[in-house]
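Here is what each chain is made of, one letter per residue.
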Amino acid sequence: MAGEEPKNVFDAEAASSLARELRGTFLSGKTRSYEWRVSQLKALLKLVDDNEQEIVDALRSDLSKPPMESVVCEIGLLKNSCKVSLRELKHWMKPEKVKTSITTFPSSAEIVPEPLGVALVISAWNYPILLSLDPVVGAIAAGNAVVLKPSEISPATSSLLAKLLGKYMDNSCVRVVEGAADETTALLQQKWDKIFYTGNARIGRTVMTAAAKHLTPVVLELGGKSPAVVDSNINIKVASRRIIAGKWGCNNGQACISPDYIITTKDYAPKLVDALKTELETFYGKNPLESKDLSRIVNSNHFGRLTKLLDEDKVSGKIVYGGERDESKLMIAPTILLDVPRNSLIMNEEIFGPLLPIITVDKLEESFDVINSGTKPLAAYLFTNNKKLKEQFAKGISAGGLVVNDTTLHLAVHTLPFGGVGESGIGAYHGKFSFDAFTHKKAVLYRSFHGDAAVRYPPYSYMKLRLMKALIGGSINGIIRALFG
Amino acid sequence: MDFLREIQELRQFFRSGRTRSVAWRKKQVKALLQLIHDNEQAIFEALRQDLGKHPVEAYRDEIGVVEKSANNSLNHVEKWMAPRKSHVPFLFFPAKGEVISEPLGVVLIFSSWNFPISLALDPLIGAISAGNAVVLKPSEQAPACSSLLAKTIPHYLDPDAIKVIEGGADVSEQLLLQRWDKIFFTGSSRVASIVMTAAAKTLTPVTLELGGKCPAILDSLSSPSELKTAVKRIVGGKWGPCSGQACIAVDYVLVEEKFAPVLIELLKKFIRRFYGDNPKESKVTARIVNKQHFQRLCNLLKDPLVVNSIVHGGSVDEEELFIEPTILLDPPLDAQIMTEEIFGPFLPVITVNQIQESIEFINSRPKPLTLYAFTKDETFKRKIVSETSSGSVSFNDTLVHFLCETLPFGGVGQSGFGRYHGKYSFDTFSHEKAILHRKLFLEIEPRYPPWNQLKMQFLRLAYRLNYFGILLFLMGFRRRN
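1. Looking at the overall build of chain A
- When helices and strands are counted, chain A shows 17 helices and 18 strands.
- Within chain A, one finds 59 positive and 52 negative side-chain charges whose respective centroids are separated by 10 Å.

2. A closer look at the overall build of chain B
- The helix and strand inventory of chain B stands at 19 helices and 18 strands.
- Once the C-alpha set of chain B is aligned to its principal axes, its extents read approximately 95 × 55 × 35 Å.
- Counting over 481 residues, chain B shows a buried share of 64%.
- The long-range fraction of contacts in chain B, counting pairs at least 24 apart against all pairs at least 6 apart in sequence, stands at 71%.
- Accessible surface for chain B amounts to roughly 18200 Å². Of this, 54% is attributable to carbon and sulfur atoms.

3. Quick word on empty space enclosed by the protein
- For the structure on display, the rule yields ten cavities of 30 Å³ or more.
- Its volume calculated, the largest cavity comes out at about 710 Å³.
- Every residue lining the largest cavity is counted, 36 residues in all, and those nearest its centre are A:Val72, A:Cys73, A:Leu409, A:Ala412 and B:Tyr463.
- Looking at the lining of the largest cavity, the elements with two or more residues in it are helix H4 (67–93), helix H5 (130–141) and helix H9 (236–247) of chain A together with helix H18 (453–463) of chain B.
- Looking at which element gives the most residues to the lining of the largest cavity, the answer is H4(A), with six residues.
- Split into classes, the residues belonging to the lining of the largest cavity amount to 26 nonpolar, seven polar and three charged.

4. Some remarks on a nonpolar patch on the surface
- Together, B:Phe90, B:Phe93, B:Phe441 and B:Leu442 line one region of the surface with nonpolar side chains, adding up to about 450 Å² of accessible area.
- Here B:Phe441 is to be found in the loop between strand E18 (430–438) and H18.

5. Points about the pattern of salt bridges
- For the structure on display, the rule yields 48 salt bridges over all chains.
- Salt-bridge contacts for B:Glu9 lead to B:Arg5; the nearest nitrogen and oxygen are separated by 2.9 Å. Separated by four residues within a single helix, B:Glu9 and B:Arg5 lie in helix H1 (residues 4–15), roughly one turn from each other.
- If you follow the salt bridges from partner to partner, you end up with A:Arg242, A:Asp406, B:Arg438 and B:Arg447 in one network.

6. A look at the sheet that holds strand E4 (residues 133–137) of chain B
Residues and elements named next belong to chain B.
- Taken together, the six strands give an open sheet; going across it, the order is E5-E4-E3-E6-E7-E17, and neighbouring strands pair in mixed fashion. The open sheet terminates on both sides in strands that have one partner only, identified here as strand E5 (162–164) and strand E17 (416–417).
- Bridging between strand E3 (residues 106–110) and E4 involves five bridges; their strand directions are parallel. Counted as the bridge partner of Phe110 is Lys137 from E4.
- With respect to the sheet, helix H8 (residues 189–201) is in contact with E3, strand E6 (182–186), strand E7 (206–209) and E17, its orientation differing from that of E6 by roughly 175 degrees.

7. What to know about the pairing of E4(B)
Residues and elements named next belong to chain B.
- With five of five residues buried, E4 lies mostly within the body of the structure.
- By the alternation rule, side chains of E4 split into Ala133, Val135 and Lys137 and Val134 and Leu136, which are all buried.
- In this region the chain leaves E3, passes through helix H5 (residues 118–129) and returns to the parallel neighbour E4; the handedness of that crossover is right-handed.
- Pairing of E4 with E5 involves three bridges; the strand directions are parallel. Within E5, the residue paired with Val135 across the bridge is Lys163.

8. Quick word on the interface of chain B and chain A
- Counting residues at the interface gives 106 residues for chain B, matched by 103 residues for chain A.
- For the pair chain B and chain A, the two sides together bury roughly 8600 Å², of which 63% comes from carbon and sulfur.
- If you sort the residues of chain B by the area they bury against chain A, B:Leu203, B:Leu440 and B:Tyr463 come out on top, with a joint share of 10%.
- Joining chain B to chain A, the criterion identifies three salt bridges.
- For the interface between chain B and chain A, the tally reads 36 residue pairs in polar contact (both at pLDDT 80 or more).
- Split into classes, the residues belonging to the side of chain B that touches chain A amount to 49 nonpolar, 27 polar and 30 charged.
- When strand E18 (residues 439–447) of chain A meets strand E16 (residues 392–395) of chain B, the two strands line up parallel, connected through four bridges. Of the residues in E16(B), the one forming a bridge with A:Val444 is B:Val393.

9. Description of the environment of B:Trp24
Residues and elements named next belong to chain B.
- Tracing the chain through its elements places Trp24 in helix H2 (residues 22–38).
- Of the residues examined, Trp24 reaches a relative accessible area of 9% and is grouped as buried.
- Spatially, the C-alpha atom of Trp24 lies 47 Å from that of Lys383, the residues being 359 residues apart in sequence.

10. Some words on the environment of A:Ile346
Residues and elements named next belong to chain A.
- With respect to the secondary-structure elements, Ile346 resides in the loop between strand E13 (335–338) and strand E14 (355–361).
- Under the relative-accessibility criterion, Ile346 is labelled buried at 0%.
- Measuring from C-alpha to C-alpha, the distance between Ile346 and Leu309 comes to 5.3 Å, with 37 residues separating the pair along the chain.
- For Ile346, the residues in contact, after removing those within four places along its chain, are Lys225, Leu309, Glu312, Val315, Leu337, Val340, Ile351, Leu355 and Pro357.

11. Structural notes on the confidence of the model for chain B
- Taken as a whole, chain B shows an average pLDDT of 94; of its residues, 97% reach a score of 70 or greater.
- For residues 477–481 of chain B, every residue scores under 50 in pLDDT, and the model assigns this stretch six contacts once sequence neighbours within four places are set aside.

12. Some points on the domain arrangement of chain A
- Each assigned domain of chain A is listed here: domain 1 (12–222 + 431–440), domain 2 (227–419) and domain 3 (453–484).
- Distance between the C-alpha centres of domain 2 of chain A and domain 3 of chain A: 63 Å.

13. Quick notes on the domain arrangement of chain B
- If you check the domain split of chain B, you get domain 1 (3–210 + 421–432), domain 2 (215–410) and domain 3 (443–480).
- Between domain 2 of chain B and domain 3 of chain B, the C-alpha centre-to-centre distance is 65 Å.

14. Topic: the side chain of A:Thr264
Residue and element names in this part refer to chain A.
- Counting through the fold element by element, Thr264 comes out in strand E9 (residues 261–265).
- Classification of Thr264 by relative accessible area gives buried; the value is 0%.
- Of note is the side chain of Thr264, whose polar atom sits 2.8 Å from the backbone oxygen of Val230.

15. A closer look at unusual backbone geometry
- Each neighbour pair has its own omega, and for B:Phe93 with B:Pro94 the value is 0 degrees, a cis peptide bond.
- Checked against the element boundaries, B:Pro94 lands in the loop between strand E1 (84–86) and strand E2 (95–103).
- That bond from B:Pro449 to B:Pro450 is cis: its omega, 0 degrees, falls within 30 degrees of zero.
- Tracing the backbone shows B:Pro450 in the loop between E18 and H18.
- Notably, A:Phe352 is not glycine yet its phi reads approximately 55 degrees, a positive angle.
- Turning to its location among the elements, A:Phe352 is positioned in the loop between E13 and E14.

16. Overview of the nonpolar core
- Of all hydrophobic cores here, the largest spans 168 residues; its most connected members are A:Leu187, A:Leu220, A:Ile262, A:Leu276, B:Ile183 and B:Leu208.
- With twelve residues, H4(A) is the largest single contributor of residues to this core.
- Counting 99 residues, the second largest nonpolar core, distinct from the first, contains B:Ala46, B:Leu119, B:Trp239 and B:Ala286.

17. Re the packing of H9(A) against helix H10 (residues 269–284) of chain A
Residue and element names in this part refer to chain A.
- Where H9 meets H10, the closest approach of the two axes is 9 Å, and the angle between their N-to-C directions is 60 degrees. Between H9 and H10, the crossing angle belongs to the class labelled oblique. The crossing of H9 and H10 is right-handed. Facing H9, whose interface residues are Ile236, Lys237, Ser240, Arg241, Ile243 and Ile244, H10 presents Lys271, Leu272, Ala275, Leu276, Glu279, Leu280, Phe283 and Tyr284.
- A per-class count over the contact of H9 with H10 returns nine nonpolar, one polar and four charged.

18. Some thoughts on the packing of aromatic side chains
- In total, this model carries 21 aromatic pairs over all chains according to the counting rule given.
- Taking 5.1 Å as the distance between ring centres and 10 degrees as the angle between the ring planes, the aromatic pair formed by A:Tyr457 and B:Phe274 counts as stacked. Taken together, the residues A:Tyr457 in the loop between E18 and helix H16 (462–473) and B:Phe274 in helix H10 (residues 260–275) connect one chain to another. Here the two residues A:Tyr457 and B:Phe274 agree in accessibility, since each one is buried.
- Consider the rings of B:Phe110 and B:Phe185, whose centres lie 6.1 Å apart with planes at 70 degrees: the pair is edge-to-face. Taken together, the positions of B:Phe110 in strand E3 and B:Phe185 in strand E6 put the pair 75 residues apart, joining distant regions of the chain.

What counts and how
Residues numbered from 1 in each chain as written. Chains lettered and ligands numbered in written order. Predicted model: local features only at pLDDT ≥ 70, side-chain atom pairs only at ≥ 80, totals over all residues. Heavy atoms only, no water. Helix = DSSP H or I, 4+ residues; strand = E, 2+ residues; numbered from the N terminus. Lys, Arg positive; Asp, Glu negative; His and termini not counted. Charge placed at Lys NZ, Arg CZ, Asp CG, Glu CD. Buried < 20%, exposed > 50% of the residue type's maximum accessible area, 1.4 Å probe, protein only. Contact = heavy atoms within 4.5 Å. Areas by Shrake-Rupley, 256 points an atom, 1.4 Å probe, with all protein chains shown as cover. 1 Å grid on protein atoms, 1.4 Å probe; cavity = no way out; pocket = protein on both sides within 12 Å on 5 of 7 lines; lining within 4 Å. Points joined across faces, edges and corners; volume = space filled by probe spheres on them. Nonpolar A, V, L, I, M, F, W, Y, C, P; charged D, E, K, R; others polar. Patch = residues over 30% accessible without salt bridge, like charges linked within 9 Å, V, L, I, M, F, W, Y side chains within 5 Å. Salt bridge = Lys/Arg side-chain N within 4 Å of Asp/Glu carboxyl O. Pairing = 2+ DSSP bridges. Axes fitted to C-alpha atoms, helices over the stretch in contact; angles between N-to-C directions. Right-handed = clockwise from strand over helix to strand, strands pointing away. Buried area = accessible area lost by both parts, 1.4 Å probe. Polar contact = N/O pair within 3.5 Å; in protein donor to acceptor, adjacent residues only side chain to side chain. pLDDT = per-residue confidence, 0-100. Domains from an automatic or database assignment. Core = buried A, V, L, I, M, F, W, Y, C linked by side-chain atoms within 4.5 Å. Parallel < 35°, antiparallel > 145°, perpendicular 65-115°, else oblique. Left-handed = near helix turned anticlockwise from the far one by under 90°. Phe/Tyr/Trp six-rings, centres within 6.5 Å; stacked < 30°, edge-to-face > 60°.

What follows is the structure, given as structure tokens:
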């Protein structure tokens, strides 16, 4: 309308111009040098160090995240990621020499890591600092330019990231685009050299479909129902504490690798429930809704989703602990349910909240069938002292990653690839896997002008055929036989 | 025809766990070797029928490749299957980390028509070695080979785990409606996009082995014998593999203007030496696969400016689907022949003032599957590697990098993503599952709420892996919370 101020909308044109600009910078070669990458990783480290309080405050605003969780699970892990990259980068960037065989003799070969170009990182709302910056660390370490699109569902953090990255990082190569579905759509219409997405399966499909138009490779870090199988004859106190830490200690269950539900034997269930209750009270007191050590539910949408799971007819009667909620504070207390029906809503979607159903079976071996009847989860946990059970678990359960006798910790071990399989995702990262996720490993073969086997060229003859067979087979005897008849 | 039943059967068989043992995997690969051995003549005949390939070419590019790949897999599969230990930082003590490769499940392989045996069976070897059940969909544009595979594979390989499904686009579409644990596609970018879009609906990971315009940079070579070898290899790398209908065939050559005449003379010389004065009669080069591609290629020559740039060859025979080895000198850069992958027996020679300009020329175009460069200048080699991007680079030779089992083979950008050959084939059909083992004693109390400053302090130290600091801290930390 005439007279109105034009809005600063990030539309397809803005996205296209951004992609073009970053591609231009990338093609100038700026991001490829070791020095540039180190400077950016150091800048990221400084960004986090200088602004720890602001980050903690933003997380408290978006999620009521306890400062301890913010420092340990977000800031601490991110700093570690930067440090590991800084320490190992030279090594990661080096070409890898590989052996060649007699088939290509004389020759030498190597695999040269090169950046893909311009990467798009779309992150999630539950660990908005870590899940935004950890992939960015990988993209930068690998020498790419990168656009970050933080989640609008954690707006304080999104805006903080835009401010701080703008201030600390090289803006010609690292940019933040804030916004929601429209802005994300505009970004996804562009051609990127890699798209790294953390979130849910539904959007994951949208991202991959958009990527398919440009044949862009993707990493999809999704979720699923990560089960925890609990055997008897274990240190139940330690196991319970670890389950609680992985569930309610991680953003009040709103984490992709939180134990979603538990499977244990009918006999053992009462003991487990008791242990969980005791430890929950130690951790969060008698009035968990008042505890300062629990994140709130992120927004009323998710609050509604979770209460719906709890209030389903066949489920509401199965609560054995908790169930309290406070809509004004968007708080749901740690809740345990026992023996909910398998066809209930709560057992058919990823919970992503502070509700922990316990499913019971007669024999613990049956738990494997329960898990395998669903889609492959991002993580699976087993608490046991039984060596055979551990082996069966390792072999028989397909999940992104497995942990025995603990929960969620594998996320912090940078030497382990972190990613999903099947519906829980595609690709992996952390440590060197982050570098690899944003790298093209280029094969380079060096040949000399000597050693040209006439055998390769026409006119063809039977003799050439025999010699060729021997050469390709790589057998020296075969070659001698073919040459000398 | 929705293949649901077949796929369910495969899935059930996979679930039974029988594809996981080393014994099963090796048995299948050995059976594949036996298949090739027993049916070598039939394979030669099918390739002759579909593409007019000479037996030596058929062996070199198809049978030999499969045999090599199978033997490599048999020799290494146990090693590839072994869990790999990961170092876990002391902070997590007591802990053990490892990565296990596990099969993805039921995988779908689409192969292409130009190497209808090797591009079907090589990925198949990878999928089987990794312990998967497989559906193989050979290209209908090489019908004799497709039919041969469909007929023989059920007799040699375990029919409960490996199925061949023949057909055209409609069959492919149906297959793509199902959920797979992996799709491995070799073919064109256009179809790749369709495959990936379908895969996105079910979050199926894909490997796309595509193509592009693979350039060959020819630097000045002072030694005449080296120049001859270079040109010989270019000729072999162009018309040798399926008459240029290969993803790694030399698409066009870049050379300094002043060397173009010498290059063209040598090209002509080697074409004559390899293919005789009458290439159509010598039947050494493969023919064009079908009328549709024949038409496509002829259309490339319709542009009068393009025709005018022909310096050798150009004759075609529609009935025999034969196009003779053809050289063009500086066709217009905006003509189709220079904007699309040729995939045929036309070799444009593009001249530049200085050979260094080739780098910019290549960079202003989509990333190719392979870049070839003939040069002795070490600085130029380094520049090419660091300033261009391609699936792979091969110096001073063509095609042979395909045979190097230790090198990953795959594209980047428009030439695809993912890779295979050797261990990379095994990896491409595997899920690398991380496992962390912990023990139920030795608790770190500060892990748990209620939170306080002391716990915060401890965790800060822990995160810095400041073990000494932790020790001091613990010594002063008397009271447990």
